[in-house]
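Okay, here's what each chain looks like letter by letter:
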Number of protein chains: 2
Amino acid sequence: MEYNNVCQPRKTENPMGDDLTNVSDALRTDATTGILGYRLRRAQLSVFQRFLQVFEEMRLRPAEYSVLLLIADNPGRKQTEIADALGIKRANFVTLIHALQARGFLERRAAAGDRRANALHLTEEGVQFLAAARARHEDMEQQLLDQLGGEASRSQLLMLLERLG
Amino acid sequence: MEYNNVCQPRKTENPMGDDLTNVSDALRTDATTGILGYRLRRAQLSVFQRFLQVFEEMRLRPAEYSVLLLIADNPGRKQTEIADALGIKRANFVTLIHALQARGFLERRAAAGDRRANALHLTEEGVQFLAAARARHEDMEQQLLDQLGGEASRSQLLMLLERLG
DNA sequence: AAACATTGTTATATTCCATAGCATTGGCCG
DNA sequence: CGGCCAATGCTATGGAATATAACAATGTTT
């Protein structure tokens, strides 16, 4: 493939007289650029970084946003159901949910027919907050779309990512 | 790590309207599946998880692999240069490098012309270890390629990811 | 020489994620 | 019914990754 036995140190010799105390030029990064996991991580980090920046003043983090979205589309579900759907351990989900509840965005009602479970619902405040977040997120997604070069590229990317999940 | 159940039982439309004591069928996840950051994270997590599993017996983690690759292609570079290229803070890079050195994979030689800096070099043992890791990684990358549906899809994905980084 | 920047390092806080264990409740089966 | 096991929410805790601050030694600039 691309990165197998390619490159020997091309830094070899300074053609001119050697002075090693200078010009630290660019590194060879060929070996990493062809690695899917590496590229995935960089891209994910970049996108998440932007998310954190955009939602800093709303104090909303990616996981919380996904939780609100999922509850909005699936009201009354149990904590474990939502957590499982997002790949979050139920132990860690507790803190997340409690924080959102403390801000008044959701309620944990007693589930009908199971006194152990909590049925999750958005409050009116939560609905409005989510609407604002959605609008803000739309802008961000639009920026990413521009960065990708169009809707075709974006849906192509989403499709390919889905094959990896 | 638990994965999202991709193939969920189809939600049976209930023409009789709602009842709250229903069977817990699949959740609606439409809201999240269209979010780039979300999909990126899931895919990255999935790929990294496989990496950790594949390299468990070699006791090699993704960051370490990328470090070895970069040093192999850029011998004699300073710690900070390698760290910067990988987006690793130099403070955290110390532990990483020391672990690899303790296993005999690399050396920190005194840099020529700068007594503060360490020039990083792979040892012979490090070269051989990296070769073994590369072979193992080839297999993994091949699996991902199959998962993506061919080389065209893979290079397409890499290109799109690069636009996000 | 003095002031400032860089390099490697240590220490530390934070955040995310995983595991273990607990009390309560539900389901099941004799 | 009683007994056993599973599920649910929760707490506590550890590990790993990441970010910041500070430091000594050295290099660079003024």
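Up top you'll find the structure we're talking about.
All of these numbers come straight from a predicted model, not from anything done at the bench.

### Concerning the pattern of salt bridges
Taken as a whole and assessed by the stated rule, the structure comprises 16 salt bridges over all chains. With its nearest N and O atoms 2.9 Å apart, the salt bridge here joins Arg77(B) to Glu81(B). Across this residue pair, the class does not change: Arg77(B) and Glu81(B) are buried. Close ionic contact of Asp114(B) with Arg116(B) constitutes a salt bridge, the shortest N to O distance being 3.0 Å. By relative accessible area, Arg116(B) is classed as exposed at 73%. It is possible to trace a salt-bridge network through shared partners that takes in Glu141(A), Glu151(A) and Arg154(A).

### Things to note about the relation of the copies chain A and chain B
Applying a rotation about an axis and a shift along it to one chain copy brings it onto the other copy. Mapping chain A onto chain B calls for a screw motion: a turn of 180 degrees about the axis and a shift of 0.0 Å along it, with 0.1 Å RMSD after fitting. Overall, the copies show the geometry of a two-fold rotation axis. Taken together, the interface assignments show that 88% of the residues at the interface of chain A recur at the interface of chain B, consistent with an identical surface on both copies.

### Considerations on the environment of Phe51(A)
Residue and element names in this part refer to chain A. Of note, Phe51 is situated in helix α2 (residues 36-54). Overall, the relative accessible area of 6% leaves Phe51 in the buried class. Spatially, the C-alpha atom of Phe51 lies 8.2 Å from that of His137, the residues being 86 residues apart in sequence. Once you skip the residues sitting within four places of it in the chain, Phe51 turns out to touch Leu60, Arg61, Pro62, Tyr65, His137 and Met140.

### Details of the nonpolar core
In this structure, Leu68(A), Phe93(A), Leu157(A), Leu68(B), Phe93(B) and Leu157(B) are the most contacted members of the largest nonpolar core, which totals 83 residues. In this structure, Phe93(A) is in contact with Val67(A), Gln79(A), Ile82(A), Ala83(A), Ile88(A) and Leu120(A), ignoring residues within four places of it in sequence.

### Describing the protein's contact with DNA strand D
The local shell around DNA strand D holds 19 residues, among which Arg41(A), Lys78(A), Thr80(A), Arg108(A) and Arg116(A) are the closest. By atom count, sugar and phosphate contribute 59% of the portion of DNA strand D lying within 4 Å of the protein. Taking Gln79(A), its side chain carries an N or O atom lying 3.0 Å from a phosphate oxygen of DNA strand D. Breaking the surface near DNA strand D down by element, the ones donating at least two residues are α4 (79-86) and α5 (90-102) of chain A together with α5 (90-102) of chain B. Element by element, the count of residues in the surface near DNA strand D is highest for α5(A), at four residues. By residue class, the composition of the surface near DNA strand D is four nonpolar, five polar and 10 charged.

### Brief notes about the sheet that holds strand β2 (residues 106-110) of chain A
Residue and element names in this part refer to chain A. Pairing is antiparallel across the open sheet formed by three strands, whose spatial order is β1-β3-β2. For this open sheet the edge positions go to β1 (77-78) and β2, each flanked by a neighbour on one side alone. Across five bridges, β2 lies against strand β3 (residues 118-122) in antiparallel orientation. Note on β3: the bridge partner recorded for Arg108 is Leu120. Packed onto the sheet, α5 meets β2 and β3 and runs at close to 115 degrees relative to β2.

### Topic: the environment of Leu164(A)
Residue position: Leu164(A) is located in helix α7 (residues 151-164). Classification of Leu164(A) by relative accessible area gives buried; the value is 1%. Here Leu164(A) is in contact with Leu40(A), Ala43(B), Ser46(B), Val47(B), Leu144(B), Gln147(B), Leu148(B) and Leu157(B), once residues within four sequence places are set aside.

### Re the sheet that holds strand β2 (residues 106-110) of chain B
All names here are of chain B. Taking strand neighbours across the sheet as the criterion, the three strands line up as β1-β3-β2 in an open arrangement whose pairing is antiparallel. The outermost strands of the open sheet, each flanked by one partner alone, are β1 (77-78) and β2. Across two bridges, the pairing between β1 and strand β3 (residues 118-122) is antiparallel. In the strand pairing of β3, Arg77 is matched with Leu120. Sheet strands in contact with helix α3 (residues 62-73) are β2 and β3, and its direction is about 100 degrees off that of β3. α5 contacts β2 and β3 of the sheet and is inclined by roughly 115 degrees relative to β2.

### A few points about the packing of aromatic side chains
All names here are of chain A. Inspection of the entire model under this criterion finds eight aromatic pairs over all chains. For the ring pair Phe51 and Tyr65, a centre distance of 5.9 Å and an interplane angle of 45 degrees mean the geometry is tilted. Here the residue Phe51 occupies a position in helix α2, and Tyr65 occupies one in helix α3 (residues 62-73), the gap between them amounting to 14 residues. Ring pairs connect the aromatic residues Phe51, Phe55 and Tyr65, which therefore count as one cluster.

Rules used in this analysis
Residues numbered from 1 in each chain as written. Chains lettered and ligands numbered in written order. Predicted model: local features only at pLDDT ≥ 70, side-chain atom pairs only at ≥ 80, totals over all residues. Heavy atoms only, no water. Salt bridge = Lys/Arg side-chain N within 4 Å of Asp/Glu carboxyl O. Buried < 20%, exposed > 50% of the residue type's maximum accessible area, 1.4 Å probe, protein only. Least-squares fit on C-alpha atoms with pLDDT ≥ 70 in both. Contact = heavy atoms within 4.5 Å. Helix = DSSP H or I, 4+ residues; strand = E, 2+ residues; numbered from the N terminus. Core = buried A, V, L, I, M, F, W, Y, C linked by side-chain atoms within 4.5 Å. Near = heavy atom within 4 Å. Polar contact = N/O pair within 3.5 Å; in protein donor to acceptor, adjacent residues only side chain to side chain. Nonpolar A, V, L, I, M, F, W, Y, C, P; charged D, E, K, R; others polar. Pairing = 2+ DSSP bridges. Axes fitted to C-alpha atoms, helices over the stretch in contact; angles between N-to-C directions. Phe/Tyr/Trp six-rings, centres within 6.5 Å; stacked < 30°, edge-to-face > 60°.

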